[in-house]
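Spelled out, the chains give:
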Amino acid sequence: MSHNIDAKEIDKFSQLANEWWDPNGKCKPLHIINPLRVDYIKQHCGENLIGRNVLDVGCGGGILSESLAKLGADVTGLDLAEASLNVANNHAKTNQLTINYIKSSIEEYAEHAEKQYDIITCMELLEHVPDPSSIINACAKLLKPQGKLFLSTINRNYKAKLLLIYGAEYVARLVPKGTHDFERFIRPSELMEMVSIAKLHTTDIIGMEYHLIKNQFLLGKNIDVNYILLAER
């Protein structure tokens, strides 16, 4: 499944390994939006996830994986950056959480997995791979009937380019330069089409907006930049 692996992207996130859990470091934006992602999942799956099998695709250092495990889910996290997985494993052990972290692409994992999942999350990954539809197709194979797939990514328009590349990378320096590639941003209509081809249906879509006056991100109707799409089997 090497056709959907970008070695430069894996190396980029491997270099961030020691900063995954620093809320004021280079992964600060993920710590800021993580509560929003968790809240959105809870809105659609319930306040606790006890007994639910969850697959976190592109789990990185485990920020979302740990949040879902704390809600009672049986979590498996996939990533191709070994350095990030080592951080995720160590942090989970420190917090006495049992999370099954695996070094694998979702495509390869889908070929050999022995079970399906109630919930699959794929957050901030699709814009970092050559073929996002391949990931969605693999997720669809692993989703139980009535299962829920949460996908988050970035809209491809000049507002997103201005805010996330020029603003976040070069002006505010919230994330390292080169984190984003505008050509890999995905319009909601494009993502919905990929979901449909994977024989899933889109049931909801919501934006994550930054409010300057409140200095915080909030879930809202504006999907101009960051957004989360919910698909179901």
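Here the residue index of a chain counts from 1 through its sequence in written order. The model is predicted, so local features are restricted to residues of pLDDT at least 70 and side-chain atom pairs to those at 80 or more, both for listing and for counting; the totals for chains, interfaces and linings are taken over all residues. Each side-chain value is derived from all of the structure's non-hydrogen atoms; neither hydrogens nor water enter the calculation.

K.L.:
Lay out the overall build of the protein with the relevant residues and their values.
P.N.:
In terms of regular secondary structure, the protein is built from 8 helices and 8 strands. Per-residue burial over the protein gives 52% buried out of 233 residues. Only heavy atoms matter for contacts: two residues are in contact if any of them lie within 4.5 Å across the pair. Across the protein, every contact between residues at least 6 apart in sequence was considered, and the portion connecting residues at least 24 apart equals 70%. Computed by Shrake-Rupley with a 1.4 Å probe, the accessible areas treat only the displayed protein chains as cover when residues are assessed. Roughly 11,300 Å² of accessible area belongs to the protein as shown, and the carbon and sulfur atoms make up 50% of that amount. Every helix listed is a DSSP run of H or I at least four residues long, and every strand listed is a run of E at least two residues long, numbered separately from the N terminus. Only protein chains enter the area calculation, which uses a 1.4 Å probe; residues under 20% of their type maximum are buried, those over 50% are exposed, and those in between are partly exposed.

K.L.:
Any details on the pairing of strand β5 (residues 143-154)? Residues and values, ideally.
P.N.:
Counting buried residues along β5, 9 of its 12 residues qualify, which places the element largely inside the surrounding structure. Pairing of strand β4 (residues 117-123) with β5 involves 6 bridges; the strand directions are parallel. When the sheet's bridge partners are listed, Ile120 is paired in β5 with Leu149. Whether a crossover is right-handed depends on one test, that the path from the first strand over the helix to the second runs clockwise when the strands point away from the viewer. The β-α-β motif built from β4, the intervening helix α6 (residues 132-142) and the parallel element β5 has right-handed crossover chirality. In the sheet, β5 pairs with strand β8 (residues 226-232) via 7 bridges, with the strands oriented antiparallel. Counterpart to Ser152 in the pairing with β8 is Ile228. A pair of strands counts as paired when DSSP detects no fewer than two bridges linking them.

K.L.:
Pulling in residues and values, what's your account of the pattern of salt bridges?
P.N.:
One speaks of a salt bridge when a side-chain nitrogen belonging to Lys or Arg is within 4 Å of a carboxyl oxygen belonging to Asp or Glu. All told, the structure shown has 10 salt bridges when counted by the stated rule. Ionic pairing is found between Arg184 and Asp6, a salt bridge with its closest N-O pair at 2.9 Å. With Arg184 in the loop between α7 (158-171) and α8 (188-197) and Asp6 in the segment before α1 (7-14), the pair connects residues that are 178 residues apart, well separated along the chain. Note that Lys103 and Glu82 form a salt bridge whose closest N and O atoms lie 3.4 Å from each other. Note that Lys103 is positioned in strand β3 (residues 100-103) and Glu82 in helix α4 (residues 82-94), a separation of 21 residues in sequence. Linked by salt bridges that have partners in common, Arg156, Arg187 and Glu190 make up one network.

K.L.:
Tell me about the packing of aromatic side chains, and name the residues and values.
P.N.:
Pairing of aromatic side chains here covers Phe, Tyr and the six-membered ring of Trp, requires ring centres within 6.5 Å, and sorts the geometry by plane angle: under 30 degrees stacked, over 60 edge-to-face, intermediate tilted. Under the definition given, this model contains 1 aromatic pair. Aromatic side chains Tyr40 and Phe150 sit 5.8 Å apart centroid to centroid with 85° between the ring planes, which places their arrangement in the edge-to-face category. Linking Tyr40 in helix α2 (residues 28-45) with Phe150 in strand β5, this pair joins segments that are 110 residues apart in sequence. According to the relative accessible area criterion, Tyr40 is buried, its value standing at 0%.

K.L.:
How would you explain α2 if you had to name every residue and give the values?
P.N.:
By this rule, a helix spans an expected 1.5 Å times one less than how many residues it contains. Across its 18 residues, α2 extends 26 Å between first and last C-alpha, which sits within 8% of the 26 Å expected from 1.5 Å per residue. The sharpest bend along α2 measures roughly 35° and falls at Asn34, with the proline Pro35 sitting one to four residues further on. Turning to α2, its buried residues are Pro29, Leu30, His31, Ile33, Asn34, Leu36, Arg37, Val38, Tyr40, Ile41, Lys42 and Cys45. Phi for Gly46, located one or two positions after α2, is positive at around 105°. Consider a residue and the seven residues that end there alongside the seven that start there; fitting an axis to each set, the bend is the angle between those axes.

K.L.:
Any details on the side chain of Asn155? Residues and values, ideally.
P.N.:
Within the secondary structure layout, Asn155 lies in the loop between β5 and α7. Throughout this description, a polar contact denotes any pair of N or O atoms lying within 3.5 Å of each other; where both atoms belong to protein, one of them has to be capable of donating a hydrogen while the other can accept it, and for residues adjacent in sequence the pair is counted only when both atoms sit in side chains. Within the structure, Asn155 has its side chain in polar contact with the backbone oxygen of Ile223 (distance 3.0 Å).

K.L.:
Run through the side chain of Lys148, naming residues and quoting values.
P.N.:
Structurally, the position occupied by Lys148 is in strand β5. A polar side-chain atom of Lys148 sits 3.1 Å from a polar atom in the side chain of Glu232. Here Lys148 is in contact with His44, Cys45, Asp118, Ile119, Ile120, Leu143, Leu230, Ala231 and Glu232, once residues within four sequence places are set aside.

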